[in-house]
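# Commentary on secondary and tertiary structure
Okay, here's what each chain looks like letter by letter:
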Amino acid sequence: MAGQRFGELEAAVMDRMWSYGRPANVRQVLEDLQQTRTIAYTTVMTVMDNLHKKGWLRRTRQGRAYIYEPVSSREGYTAKLMREALATSDNQAAALVHFLSDLSPEEAEALRTALKVVPPRNSR
């Protein structure tokens with residue numbers, strides 16, 4: 001999957017796709033987006049095609065149109081952004097210390113819970 005953050009319209013489309021929890025076609029996403037903005041069918045179709053080409057959406061032909069579904073979860077996307085951001089640091093330990101020192105109490109508790117779920121990898 002391609003790196004980088006989504007553009008504003010890509011993010012709006014992916015937010016919809018993640019919220020559905022099922023495959024959707026361009027028309028369904030268009031009608032959802034039109035509740036909050038003026039947007040053309042061809043614009044949504046182009047954005048969804050681009051997200052498919054970037055590896056974020058998979059698509060299946062259904063009649064004359066495609067239905068799309070996310071390749072990974074919203075959490076998977078967030079984790080990828082976090083790993084990419086960490087990879088840009090010359091001193092990853094220092095970057096992690098800064099990150100951890102800025103956590104809210106709720107975020108710190110979520111991290112403690114996550115660390116209980118994910119077993120440590122064996123060092124070899």
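Residues numbered from 1 in each chain as written. Predicted model: local features only at pLDDT ≥ 70, side-chain atom pairs only at ≥ 80, totals over all residues. Heavy atoms only, no water.

The next subject is the sheet that holds strand 1 (residues 24-25). Read across the sheet, three strands follow the order 1-3-2 without closing on themselves; strand pairing throughout is antiparallel. Two strands in the sheet have a free side with no partner beyond their single neighbour: strand 1 and strand 2 (57-62). Sheet strands in contact with helix 1 (residues 8-20) are strand 1, strand 2 and strand 3 (65-70), and its direction is about 80 degrees off that of strand 3. (Pairing = 2+ DSSP bridges. Helix = DSSP H or I, 4+ residues; strand = E, 2+ residues; numbered from the N terminus. Contact = heavy atoms within 4.5 Å. Axes fitted to C-alpha atoms, helices over the stretch in contact; angles between N-to-C directions.)

Ranked by internal contacts, the top residues of the largest apolar core, which has 23 residues, are Val-13, Met-17, Val-29, Val-44, Met-48 and Leu-51. Secondary-structure elements contributing two or more residues to this core are helix 1, helix 2 (26-33), helix 3 (41-53) and helix 4 (74-87). When residues in this core are grouped by element, the largest group, seven residues, is from helix 1. Look past the residues within four positions of Val-13 in its chain and what remains in contact with it is Val-29, Leu-33, Val-47, Met-48 and Leu-51. (Core = buried A, V, L, I, M, F, W, Y, C linked by side-chain atoms within 4.5 Å. Buried < 20%, exposed > 50% of the residue type's maximum accessible area, 1.4 Å probe, protein only.)

Okay, the packing of helix 1 against helix 2 next. One can describe the packing of helix 1 onto helix 2 by two numbers: an axis separation of 10 Å at closest approach and a directional angle of 110 degrees. With respect to their mutual orientation, helix 1 and helix 2 come out roughly perpendicular. Two secondary-structure elements touch here, helix 1 through Ala-12, Val-13, Arg-16, Met-17 and Tyr-20 and helix 2 through Gln-28, Val-29, Asp-32 and Leu-33. Grouping the amino acids of the contact of helix 1 with helix 2 by side-chain chemistry returns six nonpolar, one polar and two charged. (Parallel < 35°, antiparallel > 145°, perpendicular 65-115°, else oblique. Nonpolar A, V, L, I, M, F, W, Y, C, P; charged D, E, K, R; others polar.)

Note: strand 2 against strand 3, six bridges, orientation antiparallel. Following the sheet pairing, Arg-58 is matched in strand 3 by Glu-69. Adjacent in sequence and paired antiparallel, strand 2 and strand 3 are bridged by two residues, among which Gly-63 carries a positive phi angle near 70 degrees.

Time to look at the packing of aromatic side chains. The geometry of an aromatic ring pair comes down to the distance between the two centres and the angle between the two planes. Counting across every chain of the model gives six aromatic pairs. Each ring, one from Trp-18 and one from Tyr-77, has its centre 5.8 Å from the other, and the planes form 35 degrees; the classification is tilted. Placement of Trp-18 in helix 1 and of Tyr-77 in helix 4 is noted, with a sequence separation of 59 residues between them. With respect to class, Trp-18 is no different from Tyr-77; both count as buried. Aromatic rings pair up to connect Phe-6, Trp-18, Trp-56 and Tyr-77 into one cluster. Lying across the ring of Tyr-20, Arg-22 places its NZ or CZ 4.9 Å from the centre. Over the aromatic face of Tyr-66 sits the side chain of Arg-61, whose NZ or CZ is 4.4 Å from the ring centroid. (Phe/Tyr/Trp six-rings, centres within 6.5 Å; stacked < 30°, edge-to-face > 60°. Lys NZ or Arg CZ within 6 Å of the ring centre and 35° of its normal.)

The subject of this paragraph is the side chain of Asp-32. Relative to the assigned elements, Asp-32 resides in helix 2. A distance of 2.8 Å separates the side chain of Asp-32 from the side chain of Tyr-20, its partner in a polar contact. (Polar contact = N/O pair within 3.5 Å; in protein donor to acceptor, adjacent residues only side chain to side chain.)

Let us now look at the packing of helix 4 against helix 5 (residues 92-101). Across the interface, helix 4 lies against helix 5 with an axial gap of 9 Å and an inter-helix angle of 130 degrees. As judged from the angle between their axes, helix 4 and helix 5 are oblique. In this structure, helix 4 contributes Met-82, Leu-86 and Ala-87 to the contact, and helix 5 contributes Gln-92, Ala-95, Leu-96 and Phe-99. Counted by class, the contact of helix 4 with helix 5 contains six nonpolar, one polar and no charged residues.

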